[in-house]
Protein chains: 2
Amino acid sequence: MSKTITILGSTGSIGKNAIDVVEALGNEYQVEYLSAYSNAEKLAEQALLIRPKAVCIVNEDSAIDVKSVLQNESIDVLTGRAGLLEIASQEVDVLLNGLVGSAGMEPTLKAIEAGNDVALSNKESLVMAGQLINIAKTKTGTEIFPVDSEHSAIWQCLSGESMEDVSKLILTGSGGPFRERDVNSFSDIAPDEALNHPNWDMGKKITIDSATMMNKGLEVIEAHWLFGTKPDDIEIIIHPQSIIHSMVEFSDGSVKAQLGVPDMKIPIQYAFTYPRHNPSDWESLDLLKNSELTFQPPDNTRFPCIQLAYAALRKGGTASAVLNVANEHAVYRFLDGSISFTDIPKIVESACDSHDFHNNPNLDIILQIESWTKEFVVNFRP
Amino acid sequence: MSKTITILGSTGSIGKNAIDVVEALGNEYQVEYLSAYSNAEKLAEQALLIRPKAVCIVNEDSAIDVKSVLQNESIDVLTGRAGLLEIASQEVDVLLNGLVGSAGMEPTLKAIEAGNDVALSNKESLVMAGQLINIAKTKTGTEIFPVDSEHSAIWQCLSGESMEDVSKLILTGSGGPFRERDVNSFSDIAPDEALNHPNWDMGKKITIDSATMMNKGLEVIEAHWLFGTKPDDIEIIIHPQSIIHSMVEFSDGSVKAQLGVPDMKIPIQYAFTYPRHNPSDWESLDLLKNSELTFQPPDNTRFPCIQLAYAALRKGGTASAVLNVANEHAVYRFLDGSISFTDIPKIVESACDSHDFHNNPNLDIILQIESWTKEFVVNFRP
């Protein structure tokens, strides 16, 4: 069965892995569209390798570099945010959204409205606009295939099962680099320390989210919109080894878990080959080398972002969108050194408390909320 | 959806759990037939509670006690081996075979020939006559629902998956009570020590099989016949906590595991309610209380039965039947004190080496092999 593919964010961590996966899968999987933010050199290189119909470079300043390489290659070059949304709307079998942060939300919506199934790595899409996206999904009969390792795990555990029989989703989290650090020294955490994740090699934004554990909070919200599970039935458990990627408990007490080496290629490939598991050449899991799996409760005092996320999910409406955008820009401020690590949850909480809440936001309202929240964070004086 | 049920071995460990499960499931599950070996009092008590159409007491000496209690109850009382096979052949939706040892093989075959789906706890059925049973299963279009916790785990992990995508079955085993005992003292092991299993409360025969790890060997053979997996693709891993009941590795390196408290009610109920997971009132798994899961390779020197089982499976034909019957009667001789713990694998190996091998045995040949092997073990002088 051959499949056509779009990869958004092709020069990022997920995108590069996705290209490796598609190359290894062979001719039956054809990438037709690529997008990148500003890495012109890498995007052009990928385009020459893969020969898509079109690419989009979002940052207009980088456009010339892509165009000059591809000018005689019969590969269209689109640019800007408009180009990205146009690429997202092109009909393919599956669009992988590997964009970072809230910028990924609208492309997800556009892809679904165009009838594309979406392999979703950009969890912020569902955190910001879960309800809108699910309505669009129903309307166009499309599906979302989770690419987050936790949600891919749950999705795999749900294979052949009925959602009515699910009593609990159990999201595992490594606990990040500061699981055991003295909480009194959290305000001294430097960006470099937070960027050093013990198990996963990922982009910067998600690595900081792992350090604050906001990532796990966003995943709770994502799980709610993906699987329709109530907030109270979504649990977090700390599992420092990152071998069990998540679990599902059924009403008879049976628990299913998905395990594997911490390599994003597995959930990426599964989203492309679903419902099949295609052969792969990456390292397989050796439980004799990973011979101790441990579990701990999450520490809500140490990581207040977790409860902020639950609260936003329970509140509904625009609350999760504000949480997400506030977190994202707080992370950027932490990375540029203008706020401390412990300011991140403070800013998020403050934004959530201050915003003009809407219960049933449409896309315009969500985009307005995004601007307001960004402004709020940029101007925040810690 | 209402289901009619037969329970063979209703007064044993599996049978009693099964009756508790059916009672809790409520009116949609109706037990129509029961059988027991010799526990007349318990069988009569169960019959009065459950009101099946008929019961069978296999031991003729105990028949009078069952008949006297049930004489005015319009519940038929059958007796003897013939009665057991007649009960097995009565048409129901699912027959639970909770018999112990090779005595369970023929009832499984009869049930399948009669068109009954079988919830199989009696692994010896498949070890002795896997090929015959699978042929009968195909002929009558029936299914076997595994009740062994390991095979139920694998079955659950395979839900919604394709066998073509399976690269490995991974059977977990606790390692039994002698995992860390000095191997030089194995010949001094007394039956009482071997009957003291660390995690599971089971019948005597299977508890000794766990101590020698022949149980894991028999499970490898059972897994082969249940799932069609080659011996080389079935692995054993020691997991002392018995929380992960078994795992499946897929070709993309994704591993699915089923976890739960060590309670046979879970696989029993799932075999009755499949493909659904009905609510239950037993304790659910708390990974914060079972916060460390560990893994080790099996020790083939300490537990030679494992490799004897693999060898019998690879040889095929009557080899596994001899292995199974020799082991069973060696266990009885160990329990009655006439041989030592380390004689068990010696007798099994000797029987496997000495028997008159047939490559495609029919039922008569298997039953002859059973008699020959029993005789061989009874007369064996260690």
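In this report, we go over the structure that sits alongside the text. (Residues numbered from 1 in each chain as written. Chains lettered and ligands numbered in written order. Predicted model: local features only at pLDDT ≥ 70, side-chain atom pairs only at ≥ 80, totals over all residues. Heavy atoms only, no water.)

**A few points about helix H6 (residues 124–140) of chain A**
Residue and element names in this part refer to chain A.
- In a regular helix each residue adds 1.5 Å, so 17 residues correspond to 24 Å; H6 covers only 21 Å between its end C-alpha atoms and thus falls short of that length.
- A maximum bend of about 95 degrees is found in H6 at glycine 130.
- Taken residue by residue, H6 has Glu124, Ser125, Leu126, Val127, Met128, Ala129, Gly130, Ile133, Asn134 and Ala136 as its buried positions.
- Looking one or two residues beyond H6, the residue adopting positive phi is glycine 141, at roughly 65 degrees. (Helix = DSSP H or I, 4+ residues; strand = E, 2+ residues; numbered from the N terminus. Expected span 1.5 Å × (residues − 1). Bend = angle between axes of the 7 residues up to and from the residue. Buried < 20%, exposed > 50% of the residue type's maximum accessible area, 1.4 Å probe, protein only.)

**Observations regarding the interface of chain B and chain A**
- If you look at the interface, chain B gives 44 residues, while chain A gives 44 residues.
- For the pair chain B and chain A, the two sides together bury roughly 3600 Å², of which 52% comes from carbon and sulfur.
- Taken together, the links from chain B to chain A amount to four salt bridges.
- For the salt bridge of Arg276(B) with Asp165(A), the shortest nitrogen-to-oxygen distance reads 2.7 Å.
- Summed over the shared surface of chain B and chain A, the result is 31 residue pairs in polar contact (both at pLDDT 80 or more).
- Sorting the residues of the side of chain B that touches chain A by element identifies helix H7 (149–157), strand S10 (244–250), strand S11 (255–259), helix H11 (265–273) and strand S12 (292–294) of chain B as the ones contributing at least two each.
- It is S11(B) that contributes the most residues to the side of chain B that touches chain A, five residues altogether.
- For the side of chain B that touches chain A, the per-class residue count stands at 18 nonpolar, 18 polar and eight charged. (Contact = heavy atoms within 4.5 Å. Buried area = accessible area lost by both parts, 1.4 Å probe. Salt bridge = Lys/Arg side-chain N within 4 Å of Asp/Glu carboxyl O. Polar contact = N/O pair within 3.5 Å; in protein donor to acceptor, adjacent residues only side chain to side chain. Nonpolar A, V, L, I, M, F, W, Y, C, P; charged D, E, K, R; others polar.)

**Considering the packing of aromatic side chains**
- All told, the structure shown has 24 aromatic pairs over all chains when counted by the stated rule.
- Summarising the aromatic geometry, the rings of Phe376(A) and Phe380(A) are spaced 6.0 Å apart at their centres and angled 45 degrees between planes, so their arrangement reads as tilted.
- Following the ring pairs from residue to residue traces out a cluster consisting of Phe178(A), Phe186(A), Phe303(A), Phe334(A) and Phe341(A).
- The lysine or arginine in question, Lys315(B), covers the ring of Phe357(B), its NZ or CZ lying 4.7 Å from the ring centre. (Phe/Tyr/Trp six-rings, centres within 6.5 Å; stacked < 30°, edge-to-face > 60°. Lys NZ or Arg CZ within 6 Å of the ring centre and 35° of its normal.)

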